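A closer look at the structure
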Amino acid sequence: MNFTYKDAVYPYDSWKVRENSYDVSKNFQDETIFSTGNGYMGMRGSFEEGYFGPDDSSFNATYINGFYDEYKISYPEDGYGFARVGQAMLNVPDAKIIIPVINGYEFSMFAGRIQSYERLLDMRGGFLERRVLWESPIGDLVEIHIKRLVSFKRPHIAVVACTVTPLNNDVDLEFIVRINGAVQNTSTADDMRVGSGLKGRTMSTVRYGIWKDGGWIEQRTLNSSLSLLCAVRNDMNFEADMEGCFYEDILENRVSIRTEKGKGYMLTKYITYYTSLDEKRDSLKGLAESELRQAMEDGLSVIEREQKELLDEFWYSADIIIEGDEAIQQGIRFSMFSLLQSAGRDDRTNIAAKGLTGEGYGGHYFWDSDIYIFPFFLYTNPAQAKLFLKFRYNLLDAARERAADLGHKGALYPWRTINGPECSAYFPAGTAQYHIDADVAYTVKSYVDATDDKQFLCDMGAEIIFETARFWVSLGDFIPTKGNKFCINCVTGPDEYTALVDNNAYTNYMARMNLAYAVSAAAWMREERPDEYKALKGKIGLKEEEVDLWQKAAEEMYLPSDESGIIPQDDSFLYKKRIEADEIKNELPLLLHRHYLDIYRYQLCKQPDVLLMMFMLNEYFTESEVRKNYDYYAPITTHDSSLSPSIFSIMAKESGYMDEAYDFLKYSVRMDLDDVNGNTKDGIHAANMGGAWMALVMGAGGLRIYNDGPHFAPVMYKDWHRLCFKVRYRGRLIMVDVYRDCTKYTLVEGMPLEVYHHGEKFMLDLDIDVIKKGFGC
């Protein structure tokens, strides 16, 4: 492998991420790690009282999933069909601000003296907590306890509670609470992966109001004409009047009291956000008032209980237990918890590349969510997975428009977008990655296979499958010099260090899958759901001759091959000079050190391409074929993409390289917690977190879904004593409990079914554990 593993940044704790002392040098990373969110909103883990450390070591931000502004994409040399409009998820008004003032001195981590400090993210309780023993510049000693919770059950609600307890003196205590509307996005230009693409402020305040216990501000975006309303109400455990004012896009409330030593004084701030993407602009204020009223009536204790109950339900299905490896145990729970915090819970949002913890890649949705994140939800929470598919269905009209713009039929999904239009300004590594159509089709097929939800196939899935199949036959051709095989030329595969090539193996294999599935779906609907099939044909103008062409293209698809047994990544790949990643390790990541032309000309991979295809379509390849291709591609892969280590972990295991599989697994699972790539500060690597789950369940656990049901091939790595996980499949919940000498299978929910253990079929029934000796190493 081509990386140097780092020591643990945070102490190992199976259910918490904790820091026991504050280190300003890692503040940027801390803000990402201690982020809180619920899929609708996300708050970076910045201090409530503000940050006064070195420049360029903090970025305070709050995001609303799918809330964006847009900008015109400018090209020095323009061209037909180029993407025209960029979109960027916005940093919205900061409502979490609470500043305790002790005898005239504002609490700050950079003033006075910190006598003790602890901050923790609790993944079972779903909250962020900080405890500080602070001595003011004049010697007043106070304990400050701050708890932040972004509610999963109430997507528009967040709560911040701050308790100040004077310890050595009675003090004059003041709480300053604010909504800061004078915020903007980052504008980093040195690394194209980091900045949002926006410059300056793109939101302005159009209305505000002050209440006796809080207030609200409404802002509007500059170009997308979207509105957002942020409102807060404050509750205290003491009697005092609150005053409010508004200045320079900041709404501020203040409350003061003379305190008694040893007594805790608590201010609880209830926060809500609504946007014009949720409801009509005129109703936003009323919705916010109602939301806050109910939250205050219920109180923090009720909201905390709801949070715990929802997380109990989440962990019931999703939890993975690893005994004998604290690093992997903490890391996989952090990954799954982060995915839960990032996933949109409606059919118009998805998961951005950085979740709701940073605005890298503009807050766009990519293929990552389909191929790397979708499986986690599919096998732990199929209802959430279905929302992702509905999101793709809702983009279908925009995909049809994009295909037409490029002179093709059918639908072409955008490489990167927020609500539909293609936002990638670099077409060789954007629009040319046509494989996204097959990636979306693959998720439809995976969902139907895992849930047997044939109604979804009729209602939405088939339309996606048919329109993407139409696109493939419009894009490719039967080429005489290739034996009249169906070829797909001038494309870019998942490996972005090779672009605009002919017959990329991943693309062609996946397009064949897409076309074949469209043919089988049409045949099934024609036979089983003739009325719905007729209606869909009428809706999209489908003719049976088209289905025949799909079948011919699938059967005659050109699949790159070589007599050596290596699957060429594309037609020209094996004719290029081969460079091994170890030879250029001081230049990584290459995209920041070399011109793309000085990357494209070599046998050099950013991430798995052929190996990813062999994982996804593994039923077509033997173990020896997998090993041969792993041995060939591993040395020339730089892993400059965070999408790389999880797939390499799975394929190393499939190739029999258990130590290497474990090392890649650890790389993936600890990537953000230990800042392995050195860029956690910019936000989590959400797709890698989904990949980490796959590396455990589909790698170490060996999960595959075939036509005859679920297959498992579990192994144990290194010093593990136990690996336990659950999988949902067609209304069942299956628990797989792997030990050193055996594997125990338990049907927790649902009807009996046939399951496979290392190829051996057996029946699984409720209340009857099945124990299989050995684990297959």
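Whatever comes next refers back to the structure up there.
Residues numbered from 1 in each chain as written. Predicted model: local features only at pLDDT ≥ 70, side-chain atom pairs only at ≥ 80, totals over all residues. Heavy atoms only, no water.

Okay, the overall build of the protein chain next. When helices and strands are counted, the protein chain shows 17 helices and 31 strands. If one aligns the C-alpha atoms of the protein chain with their principal axes, the spans along those axes are about 85 × 60 × 55 Å. Burial statistics for the protein chain: of 777 residues in total, 62% are counted as buried. Across the protein chain, the fraction of contacts at a sequence separation of at least 24, relative to all contacts at a separation of at least 6, is 68%. By element, 47% of the accessible surface of the protein chain is carried by carbon and sulfur atoms, the whole surface being about 28,400 Å². Distance between charge centroids for the protein chain: 1 Å, based on 85 positive and 117 negative side chains. (Helix = DSSP H or I, 4+ residues; strand = E, 2+ residues; numbered from the N terminus. Buried < 20%, exposed > 50% of the residue type's maximum accessible area, 1.4 Å probe, protein only. Contact = heavy atoms within 4.5 Å. Areas by Shrake-Rupley, 256 points an atom, 1.4 Å probe, with all protein chains shown as cover. Lys, Arg positive; Asp, Glu negative; His and termini not counted. Charge placed at Lys NZ, Arg CZ, Asp CG, Glu CD.)

This part takes up the pattern of salt bridges. Counted under the stated rule, the structure contains 60 salt bridges. Residue lysine 26 is joined to aspartate 30 by a salt bridge in which the shortest nitrogen-to-oxygen separation is 2.9 Å. With respect to burial, lysine 26 and aspartate 30 carry one shared label: buried. Because the salt bridges share partners, they merge into one network encompassing Asp397, Arg400, Glu463, Glu467, Arg470, Lys539 and Glu546. (Salt bridge = Lys/Arg side-chain N within 4 Å of Asp/Glu carboxyl O.)

Within the structure shown, the criterion is met by 44 aromatic pairs. Residues phenylalanine 107 and tryptophan 134 carry aromatic rings whose centres are separated by 5.4 Å and whose planes lie at 85° to one another, so their mutual orientation is edge-to-face. In this pair, phenylalanine 107 sits in the loop between strand E7 (105-106) and strand E8 (113-122) while tryptophan 134 sits in strand E9 (residues 127-135), placing the two residues 27 residues apart along the sequence. Under the relative-accessibility criterion, tryptophan 134 is labelled buried at 0%. Their ring planes at 80° and their centres at 6.4 Å tell us that tryptophan 367 and tyrosine 506 sit as a pair that is edge-to-face. Placement of tryptophan 367 in the loop between helix H3 (326-342) and helix H4 (368-380) and of tyrosine 506 in helix H9 (residues 505-528) is noted, with a sequence separation of 139 residues between them. Each of the two residues, tryptophan 367 as well as tyrosine 506, counts as buried. Cluster of aromatic residues (ring-pair linked, three or more members): Trp15, Phe314, Trp315, Phe376, Phe377, Tyr379, Phe388 and Trp693. In this structure, arginine 333 is placed above the aromatic ring of tryptophan 15, and the distance from its NZ or CZ to the ring centre is 3.7 Å. The residue whose ring lies beneath lysine 726 is tyrosine 316, and the NZ or CZ to ring-centre distance is 4.1 Å. (Phe/Tyr/Trp six-rings, centres within 6.5 Å; stacked < 30°, edge-to-face > 60°. Lys NZ or Arg CZ within 6 Å of the ring centre and 35° of its normal.)

What follows concerns empty space enclosed by the protein. Under the criterion given, the structure shown has five cavities of 30 Å³ or more. Counted as a void, the largest cavity has a volume near 70 Å³. Along the walls of the largest cavity sit 13 residues, with Ser35, Thr36, Gln341, Ser342 and Thr357 positioned nearest its centre. Looking at the lining of the largest cavity, the elements that each hand over two or more residues are helix H1 (27-33), strand E2 (36-37) and H3. (1 Å grid on protein atoms, 1.4 Å probe; cavity = no way out; pocket = protein on both sides within 12 Å on 5 of 7 lines; lining within 4 Å. Points joined across faces, edges and corners; volume = space filled by probe spheres on them.)

Moving on: the sheet that holds strand E5 (residues 85-91). Here we have four strands laid out as an open sheet, ordered E2-E3-E4-E5, and antiparallel in their pairing. Two strands close off the open sheet at either side, each with one partner strand: E2 and E5. Pairing geometry for E2 and strand E3 (residues 41-43), over two bridges, is antiparallel. If you follow glycine 37 over to E3, its bridge partner there is glycine 42. (Pairing = 2+ DSSP bridges.)

Let us look at the environment of glutamate 583. Locating glutamate 583 in the fold gives a position in the loop between strand E22 (577-578) and helix H12 (597-600). Taking relative accessible area as the criterion, glutamate 583 reaches 57% and is therefore assigned exposed.

Where strand E27 (residues 732-739) lies against strand E28 (residues 742-749), six bridges are found, and the strand directions are antiparallel. Note on E28: the bridge partner recorded for valine 738 is threonine 743. Between the end of E27 and the start of E28, which pair antiparallel, lie two residues.

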